[in-house]
Amino acid sequence: MSIIVNTSAHTIEFEGQIYPCRIGREGAIAFEKGREGDEKTPLGDYSLRFGLYRADRLPNPKSGLTFRPLRKNDGWCDDPNDPAYNRFIRLPYNVSHEKLWREDGAYDVILVMNHNDSPPEAGLGSAVFIHVAQADDRKTLGCVALAPEVIVRLLPRLKTGMDVNIQL
């Protein structure tokens, strides 16, 4: 079983069902051509690593994917020159990073994929997740975003290592 993201149609397919999704503001790009901050969703084959969630807003997801509650000082390094590039970090952190504790609801659920992480190559992109879509349906900075009700529907059927294919 896999998750198929069709960036041209702005949909994901999972278990025979098709759901709308949001992708990067600037569209999609082949992984090896992507660059940090290009606002493009990287095409390619990935797998789900683990999930993060806001325990103050949601119960621990019942899922085959391992979830851990977010803390207010959780972050993700997006500085290509830092040894922690494209890695989970604790804040405060001295270099460019993404705060994972957000008030806008986008990171109430984060599905972490193995995008550029074994090992990370500097500048090829960081913090590419599947997460909750913004209420105004804006495009992402390179992630895949799903409506909250879609993520809730998928969570019980997700598993660590599940394939995610992001294609045109």
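The coordinates are above.
Residues numbered from 1 in each chain as written. Predicted model: local features only at pLDDT ≥ 70, side-chain atom pairs only at ≥ 80, totals over all residues. Heavy atoms only, no water.

A. Representation of the sheet that holds strand E8 (residues 88-90). Judged by pairing direction, the sheet is antiparallel, and its three strands sit side by side in the order E8-E7-E9 without closing on themselves. The open sheet has two free edges, formed respectively by E8 and strand E9 (97-99), since each of these has just one partner strand. For this sheet, the mean angle separating the axes of adjacent strands, direction not counted, is 40°. As defined by bridge partners, strand E7 (residues 74-77) adjoins E9 across three bridges and the pair is classed as antiparallel. Its bridge partner lying in E9, glycine 75 is registered against lysine 99. (Pairing = 2+ DSSP bridges. Helix = DSSP H or I, 4+ residues; strand = E, 2+ residues; numbered from the N terminus. Axes fitted to C-alpha atoms, helices over the stretch in contact; angles between N-to-C directions.)

B. Representation of the side chain of threonine 140. In this structure, threonine 140 sits in the loop between strand E11 (129-132) and strand E12 (144-146). In this structure threonine 140 comes out as buried when scored by relative accessible area, which is 7%. Of note is the side chain of threonine 140, whose polar atom sits 3.0 Å from the backbone nitrogen of glycine 142. Here the side chain of threonine 140 touches cysteine 143 through a polar contact of 2.7 Å, landing on its backbone oxygen. Residues contacting threonine 140, with those up to four places away along its chain left out, are Arg22, Ile23, Gly24, Arg25, Glu39, Thr41, His131 and Ala145. (Buried < 20%, exposed > 50% of the residue type's maximum accessible area, 1.4 Å probe, protein only. Polar contact = N/O pair within 3.5 Å; in protein donor to acceptor, adjacent residues only side chain to side chain. Contact = heavy atoms within 4.5 Å.)

C. Here's a closer look at the pattern of salt bridges. Evaluation of the coordinates by the stated rule reveals 12 salt bridges. Among the salt bridges present, the one from arginine 102 reaches aspartate 104, with a minimum N-O distance of 2.6 Å. In this structure, a network of salt bridges that share partners links the residues Arg57, Glu103 and Asp108. (Salt bridge = Lys/Arg side-chain N within 4 Å of Asp/Glu carboxyl O.)

D. Local environment of unusual backbone geometry. Cis geometry marks the peptide bond from leucine 91 to proline 92, where omega comes out at 5°. For proline 92, the position within the fold is in the loop between E8 and E9. For the bond running from serine 118 to proline 119, omega is -15°, close enough to zero to count as cis. Mapping proline 119 onto the fold places it in the loop between strand E10 (109-113) and E11.

E. Molecular detail of the packing of aromatic side chains. Inspection of the entire model under this criterion finds four aromatic pairs. Taking 5.1 Å as the distance between ring centres and 90° as the angle between the ring planes, the aromatic pair formed by tryptophan 76 and phenylalanine 129 counts as edge-to-face. Taken as a pair, tryptophan 76 in strand E7 and phenylalanine 129 in strand E11 lie far apart in primary sequence, 53 residues in all. For the pair shown, tryptophan 76 and phenylalanine 129 are each scored as buried. The ring of tryptophan 101 has arginine 54 lying over it, and the distance from NZ or CZ to the ring centre is 3.6 Å. Over the aromatic face of tyrosine 107 sits the side chain of arginine 102, whose NZ or CZ is 4.6 Å from the ring centroid. (Phe/Tyr/Trp six-rings, centres within 6.5 Å; stacked < 30°, edge-to-face > 60°. Lys NZ or Arg CZ within 6 Å of the ring centre and 35° of its normal.)

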